[in-house]
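Report on the structure
Letter by letter, the chains look like this.
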Amino acid sequence: MADDDKSPLLKLEDEDEIDSPRRQIHSLFQRENNHVIEEDAINISGSNSASNLAEDDHIVAIFVVAFDTRSGNVIEWCMPEDTDLEGVEFKAMTSGSHTLDTDFVYFRKDNLFGLSCFENMRVESEIERGARMKSVGILATSYTLLYRHMQFLETQVRHQLEIPGKYTQLKAFYDDKKGTLPAGSTSDILLQLPSPASTPSTPSRELLPELRITHPAGCFAQFMKFFGEQIFILWKYVLLQKRLLFFSPPPIGVVCYRVYCTCCLGNHDIEGLGSQSIKPHFYINVADIETLESEVAYIACTTEKIFESKTHLYDVYINNQNVTTHSPILRDLLKVSDADKDKFAKLNNQRSAHLFSMQELGDQNTNEEEIFTSFFTEQNNRLFQTLLDVSCSQDRQLTSEHMRSMGLDPQGDRAFLMELVEAYGIDVVLMVDNPCCPK
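Summarised in this report is the structure supplied together with it. (Residues numbered from 1 in each chain as written. Predicted model: local features only at pLDDT ≥ 70, side-chain atom pairs only at ≥ 80, totals over all residues. Heavy atoms only, no water.)

**Considerations on the environment of phenylalanine 375**
Relative to the assigned elements, phenylalanine 375 resides in helix α13 (residues 368–391). Owing to a relative accessible area of 5%, phenylalanine 375 belongs among the buried residues under this scheme. Sequence separation between phenylalanine 375 and glutamine 350 is 25 residues, and the spatial gap between their C-alpha atoms is 8.6 Å. If near-sequence neighbours (up to four positions away) are discounted, phenylalanine 375 is found in contact with Phe232, Lys343, Lys346, Leu347 and Gln350. (Helix = DSSP H or I, 4+ residues; strand = E, 2+ residues; numbered from the N terminus. Buried < 20%, exposed > 50% of the residue type's maximum accessible area, 1.4 Å probe, protein only. Contact = heavy atoms within 4.5 Å.)

**Focus on the pattern of salt bridges**
Inspection of every chain in the model, using the stated rule, returns 15 salt bridges. With its nearest N and O atoms 2.9 Å apart, the salt bridge here joins lysine 134 to glutamate 76. With lysine 134 in strand β5 (residues 131–140) and glutamate 76 in strand β2 (residues 72–79), this pair connects stretches of sequence that are 58 residues apart. Within this structure, Lys236, Asp340, Lys343 and Asp413 form a network of salt bridges that share partners. (Salt bridge = Lys/Arg side-chain N within 4 Å of Asp/Glu carboxyl O.)

**So, the packing of helix α8 (residues 231–239) against helix α15 (residues 414–424)**
Between α8 and α15, the shortest axis-to-axis distance is 10 Å and the interhelical angle comes to 25°. With respect to each other, α8 and α15 are oriented roughly parallel. Along the contact surface, α8 presents Trp235, Lys236 and Leu239, while α15 presents Phe416, Leu420 and Tyr424. A breakdown of the residues in the contact of α8 with α15 according to their chemical character gives five nonpolar, no polar and one charged. (Axes fitted to C-alpha atoms, helices over the stretch in contact; angles between N-to-C directions. Parallel < 35°, antiparallel > 145°, perpendicular 65-115°, else oblique. Nonpolar A, V, L, I, M, F, W, Y, C, P; charged D, E, K, R; others polar.)

Structure below.
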């Protein structure tokens, strides 16, 4: 695995930010003796070197988006031809991407999830104003397996730039990878797909081996390094089912990984809490405003600064490392508590111990996602199970000792706990005293 200090994935100033995760994906999934693909010698096997995995891809569509100097972003080609791709041209080629050479983006289209790779190639053409920009992407029923095809999409967007209008490889890919969905039009298919509410927003631990590169290797380590102890501020907002919006200028690919890592903060195995999981929207733009107005909880990212002024659309706004909220109640949760510092130290210690044991065994395939996700799953299980146990007790009294056992600060996390039990309708009596010196 790449050294954490080299090409940090979540440091926007680093010009290798996009190339680094791609190189890591390549090193983990590229097949031996992989050939340069020729138009007449189609090879799509490299797009699914994880083909031995049991779960089907369920790819619903493949498409090419191009920038036209007169019309702007346009869908140049797609399969199936009747696929509803309205708005995808502005998600697959994000606002501000013209300033970049390459980028990638995860996004949602109705009940589907997409991944596209973008590239900007300089050309000596007055008609194209010196630049040819395209994105090649796919839509699937789940985002957790899209990573399998990152390399193929990267190869194909370069191919589309160099030899425009040749879609043979894309057609072969779709024929090979399309999901076993019932026959019918795209609208028929969409009716049979799971609703956003039933689509898992965070992966269960049983899926972890297949999710290892939903993000690049080192993504969680960089997420921890980027936000530090503030990840426990994000953790509280996720458990409270709030609307979290990450803003960043392009590139947006690594910010999509922040959305994914943040989703994992809410993992737990406790049933019957009566509240659905928070949904990842990944990249959003102004066309999503109407959708967001009806969302109770989500995690998303954008490159469009206009969202900052539309405070009715979000609860928490994260501009790089600056976490803010316009809600007076949520503002009380912005301070890192002593218990948060302890949890962060514990997480780092667990990670370091695991890395050391792997090095001792000579194992280079460290799965940091499993360390990270297991930590938060266990933390959340302990928190919710304690609350439910107390709610079933005779006096339903939640004490300072209970809070410490849940990994919370009896004083610093009081406001969070009060919001949490109200959000989930857990009937407990909070016995923790207010601070002797109120603010």
